[in-house]
Amino acid sequence: MNAHPPLSPPVGSALDLIGNTPMLELTGFDTGPCRLFVKLENANPGGSIKDRIALSMIEAAEADGSLKPGGTIVEATAGNTGLGLAQVGVLKGYRILLVVPDKMSREKIQHLRAMGVDVRITRSDVGKGHPEYYQDMALRLAADVPGGFFINQFSNPANPKAHETTTGPEILEQMEGDLDAVVVGVGSGGTLTGLGRYFAKASPKTKMVLADPLGSILAPLINTGKTIEPGSWVVEGIGEDFIPDNCDLKLVAKAYSITDAESVAAARELLAKAGVLAGSSSGTLLAAALRYCREQTEPKRVVTLVCDTGSRYLSKVYNDSWLAEQGLTERHLHGDLRDLIARAPSDGGAITVGPQDTLLTAYNRMRQADVSQLPVLDDGRLIGLIDESDLLDAVEDSKPDRRFAQDVATAMTAKLNTLQAGDPLDALLPVFEKDQVAIVLDGREFLGLITRIDLINYLRRAA
C-alpha cells in the first residue's frame, strides 16, 4: 500500500475545504501515446468544481457591497453552480433563490431543497429573450426580491478569477510544471477562461481543448467559424446556445463535439475502470480527452476534470431504463411494438409483483420505481395487472389492520386487454383513450408494458 502524504489538520468550516483537490492518472484506457490525468473536483465539499467559483463570486460581492448581510443570492443555473452557491451561501447566512431548467437531475433539485434553497423550475426548450428562459427569469426575480443580488456567473469576473488563481496553479504544481493540454467544457466559460489565462502566462505550451455536447454552438463555431442553430442535449452543466461574456473562445486550440451517448459511455467507463463516480459533463470531457490523446503522434501529458460527483445522476446516467427511454443505449430493434418497451422482463428491467406478494410490497415497488402500475407474474407468466386505482380500492374497503397485508391477487385486474408485438403503432391509441396501459405479448409470452410517455419518447427519438 502506498504511503499517504501527511493529513491536514482539522478546519473550522467546510469553506476551508474548497480546492486543493487530488489528481489521478487513468490507466487501463486507450490513451494512444499519451498519459491522461483527471483532477477530482468532485472532492470539493459541495461535490463539484463550482464550489470554487461560488466562494470567489460571493466574496467579491461582499467586498464591493453588492451583497449585504441577510441578502438573497439569485442565480440561473443548469448545473452545479446552484449547489456551490448553496454550499457557500447558506454557511454565510444568505438566502438562496435559484432558477433551474427542467432537465436538471432530480438528485440536484432534492439536494438544493434539502439545504433550504428556493428552487424555481422553468423550461429548458426556450432560448435567450423568452420570458421563461432561465437567465432572464432570474434577472427579473433578483430585481423583485428585497436585498436580492443576481450573481450572474456568465458575466461575473470573479468566476474565471477563481480558476486563474486556484485551479490552474494547483494543476501545474501537481503535474510538476509539465503539461501539454487541458480538456475543459463550457457552461459559463469561467473554467476555460480562467485556466486559459493562467496557462498562457505560466505554461505557454499548454493547449486548451474544448469538449462540447453535440447540439451546442461552441465547438462548431471554433471549428468552422459559423454559428449553427442550437440543438438539444441531455448532458447537464456544459454546452451553450450563446457565447457567455466569461467565455474567451480565442483561448481554445481544438474543439470536439461529443454525443450524449459518448458522454454516458465514457462516464460509465470511468466508474468501471477507475472507480470514479462522475457526472454527465465529466463523461463529455473524458470522451474528448481520449479522442485528443489517441490523435497524438508524440507522447503528451493531458489533464481533464471530474467536474462533479455522479451521485447526482443515479436516476439518469446510471439508470439503464432512463438511458433506454432517451435512446442512449444500443438496443436490438425489432421494428414493432417491442421497440417502445422501456422496461422488459427479459433483461430484468421490468418492475413486477407476484400474486402472493402483499399490497404493501406492490405499493413500495410503485413508489421506488415511480410507476403507477405493475404486471403480476406467476412463474414468469402474466396473470394480471395492479395499478394505483386497484390498490386504493382494495385498501379503502378493508379493515385498517388488513389494508396492506392483503395479497396482490385479491386486488389485481385479471381480465386483460392485450396487444401482440406485431400490432401497428395505431393500436396503442384506443388503449390510451381508455386511460389504460398497453400490455404487449408475443404469442403468450409477456414482453412488457407501454405507457403514453413511452410512446411520446419513441416519437421524440424518431423525429
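For the structure, see preceding data.
Residues numbered from 1 in each chain as written. Predicted model: local features only at pLDDT ≥ 70, side-chain atom pairs only at ≥ 80, totals over all residues. Heavy atoms only, no water.

Q: Can you break down the sheet that holds strand 10 (residues 301-306) residue by residue, with the values?
A: Sheet architecture is open: 6 strands sit in the order 1-2-10-7-8-9, paired in mixed fashion. Edge positions in the sheet fall to strand 1 (23-26) and strand 9 (252-258), since each has one partner strand and no second. Taking each pair of neighbouring strands and ignoring which way they run, the sheet shows an average axis angle of 25°. Looking at chain direction, strand 7 (residues 181-184) and strand 10 are connected through 3 bridges and run parallel. Looking across to strand 10, one finds that Val182 is bridged to Val303. Sheet strands in contact with helix 5 (residues 158-174) are strand 1, strand 2 (35-40) and strand 10, and its direction is about 135° off that of strand 2. (Pairing = 2+ DSSP bridges. Helix = DSSP H or I, 4+ residues; strand = E, 2+ residues; numbered from the N terminus. Axes fitted to C-alpha atoms, helices over the stretch in contact; angles between N-to-C directions. Contact = heavy atoms within 4.5 Å.)

Q: Explain the pairing of strand 12 (residues 381-387) to me, using residue names and the numbers behind them.
A: For strand 12, the buried fraction is high: 5 of the 7 residues fall into the buried class. Where strand 11 (residues 373-378) folds back on strand 12, the antiparallel hairpin that results is connected by 2 residues, among which Asp379 adopts a positive phi of roughly 55°. (Buried < 20%, exposed > 50% of the residue type's maximum accessible area, 1.4 Å probe, protein only.)

Q: Explain helix 9 (residues 280-295) residue by residue, including any values.
A: The end-to-end C-alpha separation of helix 9 is 23 Å, in line with the 22 Å expected for 16 residues at 1.5 Å each. When you tally the buried positions in helix 9, you get 13 out of 16 residues, the bulk of the element. (Expected span 1.5 Å × (residues − 1).)

Q: Break down the packing of aromatic side chains for me, citing the residues and quoting the values.
A: For the structure on display, the rule yields 5 aromatic pairs. Pairing Tyr134 with Phe154 gives two aromatic rings, centres 6.5 Å apart and planes at 90°, and the pair type is edge-to-face. Separated by 20 residues along the polypeptide, Tyr134 in helix 4 (residues 134-144) and Phe154 in the loop between strand 6 (148-150) and helix 5 bring together distant segments of the chain. Taken as a pair, Tyr134 and Phe154 share a single burial class, namely buried. Members of the aromatic cluster, joined through ring pairs, are Tyr133, Tyr134, Phe154 and Phe242. Just above the ring of Phe242 sits the side chain of Lys128; from NZ or CZ to the centre is 5.1 Å. Note that Lys273 overlies the ring of Phe29, its terminal NZ or CZ placed 5.4 Å from the centroid. (Phe/Tyr/Trp six-rings, centres within 6.5 Å; stacked < 30°, edge-to-face > 60°. Lys NZ or Arg CZ within 6 Å of the ring centre and 35° of its normal.)

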